[in-house]
Amino acid sequence: MGKAFKKGLLLCYRKYSLFNSLLNILRELSVEANGFDIREELSSFYLNIHSQIFRFPNKIRNQWESFFLRKANYILKRKIIEGSYDIIFVYNSEFLLPETCEEIKKNAKLVFFMGDSPFFTPVNPYYLRCLTYADLILSPDSFWINQLNTIGIKNTKYFIPGIDTSSYYLIDESNHSKKNENLDIIYTGASYVTSWGYKKALLMNQFAGLNFRIYGNKAWEKWFKFFPELKNHYTRSNYISTEKLNLLYNMSRLIPVDGNPGIINGFHLRMLEALGSGVLPLVEYRKDMEELIPESVGVKIPVIKDYSKARNIAVYYLKNETERRELVYALRNFILSNYSAQNNAERIKENLGKK
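Because the structure is a prediction, the values reported are computed rather than measured.

Our next topic: the side chain of S142. Within the secondary structure, S142 sits in helix α6 (residues 142–150). With relative accessibility at 16%, the residue S142 sits in the buried group. For S142, the side chain forms a polar contact with the side chain of N265, separated by 3.0 Å. Residues contacting S142, with those up to four places away along its chain left out, are Y158, N265 and D288.

Per the counting criterion, the structure on display carries 16 salt bridges. Between D258 and K200 there is a salt bridge; the shortest N-O distance is 3.0 Å. You can see D258 sitting in the loop between β10 (254–257) and α9 (270–276) and its partner K200 sitting in helix α7 (residues 195–204), a full 58 residues away along the chain. One exposure class covers both D258 and K200, and it is buried. For R325, the salt bridge goes to E321, with nearest N and O atoms at 2.9 Å. Of the two residues, R325 and E321 are both situated in helix α12 (residues 321–338); the distance of 4 residues between them amounts to about one turn of the helix.

The next thing to look at is the pairing of strand β2 (residues 30–36). The pairing of strand β1 (residues 5–11) with β2 spans 6 bridges and is classified as parallel. Considered in β2, the bridge of L10 is made with G35. With respect to chirality, the unit in which β1 leads through helix α1 (residues 17–29) into the neighbouring parallel β2 is right-handed.

Bringing the environment of L29 into the picture now. Of note, L29 is situated in helix α1. According to the relative accessible area criterion, L29 is buried, its value standing at 0%.

Taking 1.5 Å per residue as the helical rise, helix α3 (residues 58–83) with its 26 residues ought to reach 38 Å, and the 36 Å between its terminal C-alpha atoms agrees with that figure. Buried-residue contacts for α3 involve β1, β2, α2 (44–52), β3 (87–91) and α4 (98–105). Following α3 by one or two positions, S84 has its phi on the positive side, about 50°.

This brings us to the packing of aromatic side chains. What the rule picks out here adds up to 22 aromatic pairs. Measuring from centroid to centroid gives 6.0 Å for F120 and W196, while their planes differ by 40°, and the two rings are tilted. Remark: W196 occurs in helix α7 and F120 occurs in the loop between β4 (109–113) and α5 (127–131); sequence separation between them is 76 residues. Members of the aromatic cluster, joined through ring pairs, are F45, Y46, W64, F67, F68 and F95. Positioned over the ring face of Y85 is K7, at 5.1 Å from the centre of the ring. Between the NZ or CZ atom of K15 and the centre of the ring of Y239, over which it lies, the distance is 4.6 Å.

All right, on to the pairing of β3 then. Burial within β3 is extensive, with 5 of its 5 residues counted as buried. Side chains I87, F89 and Y91 of β3 all project onto a buried face; the interleaved residues I88 and V90 project onto the opposite face, where all are buried too. The sheet contact formed by β1 and β3 spans 4 bridges and is parallel. Paired with L10 across the strands is F89, a residue of β3. Relative to β4, β3 is paired through 5 bridges, and the arrangement is parallel. Paired with F89 across the two strands is V111, which belongs to β4.

This brings us to the sheet that holds β1. As summarised here, the arrangement of the 6 strands in space is β2-β1-β3-β4-β5-β6, forming an open sheet in which the pairing is parallel. Either end of the sheet is taken by a strand with one partner, and the two such strands are β2 and β6 (156–158). In this sheet, adjacent strand axes meet at a mean angle of 20° when their direction is disregarded. Relative to the sheet, α6 contacts β5 (136–139) and β6, its axis offset from that of β6 by approximately 165°.

Our focus in this paragraph is unusual backbone geometry. Phi is positive for S84, which is not a glycine, with a value near 50°. Here S84 shows up in the loop between α3 and β3. Given a relative accessible area of 58%, S84 falls into the exposed group. A positive phi angle, close to 55°, is found at N92, a residue other than glycine. Within the secondary structure layout, N92 lies in the loop between β3 and α4.

About the criteria used
Residues numbered from 1 in each chain as written. Predicted model: local features only at pLDDT ≥ 70, side-chain atom pairs only at ≥ 80, totals over all residues. Heavy atoms only, no water. Helix = DSSP H or I, 4+ residues; strand = E, 2+ residues; numbered from the N terminus. Buried < 20%, exposed > 50% of the residue type's maximum accessible area, 1.4 Å probe, protein only. Polar contact = N/O pair within 3.5 Å; in protein donor to acceptor, adjacent residues only side chain to side chain. Contact = heavy atoms within 4.5 Å. Salt bridge = Lys/Arg side-chain N within 4 Å of Asp/Glu carboxyl O. Pairing = 2+ DSSP bridges. Right-handed = clockwise from strand over helix to strand, strands pointing away. Expected span 1.5 Å × (residues − 1). Phe/Tyr/Trp six-rings, centres within 6.5 Å; stacked < 30°, edge-to-face > 60°. Lys NZ or Arg CZ within 6 Å of the ring centre and 35° of its normal. Axes fitted to C-alpha atoms, helices over the stretch in contact; angles between N-to-C directions.

Right, here's the structure in full:
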């Protein structure tokens, strides 16, 4: 495939495996491709304040946003101008201001990948406005696309970034450390003190009593009064490195993937991480899964349409190990092939009108 651009820049949080997935796509599009995480040039003190500033009164919040976003955009504009890029990839909004997007558009194509809904993102109140400058908006949720189309933003495309095989891959069983726990079912992730947390605990409680473990933050503990059995399956954990997470996945057989209430038709990309590591995901049903893997492919991801039946689904695949392995193999190969960096780059080129 010919390169459509000379030089590309990805703006994305580097700790996400998505950073590698998007950068690999950009490398297929550009002769030279670089990634940049602006958090590496902003103090953690500032970032922590900004993550909570939406809770403050308007006067304080507006003053802080003016200071912080202009500081961030000074750094971003310097990076972009110095690099002379002709395509910019952005994960969510990366603190961009509309005037910075306008500057980018003078010399480069601007492509956004939405990891969160622009209608429900408190970190950058200008996210939605920034999308009006995009040459292309990639969305893993068809409902978000419908919302954008309704307000007049039409240059949208349903898009799945694929598996980052440098982060999530198969490990030879002989290399597993004996210090690690072999589990049938594993869940890693934060809970919440809102009803979102209750919903998450309700699903995970379906696996209580099985060889199951949750690695998560303190917020999980709020819900143990309703689901006391979960306490025995819970290990308090903060950030888990990608390397450690891949190892934990490799030592497991099933991974429940709950539906984030902010994602309407789409599914959590943890499903792709699980398949990359050779684990079968049990996914809370979302409409877009039917587009991800068409019926004609002949294999289906196990879905949870009723929480009360989640345990039976898990037990079935734990009892039928050969079927579980074969299904993981088929699903993993389909995703790796159909949503490879090369194929995704072709989709982007086509939607940008490039040859």
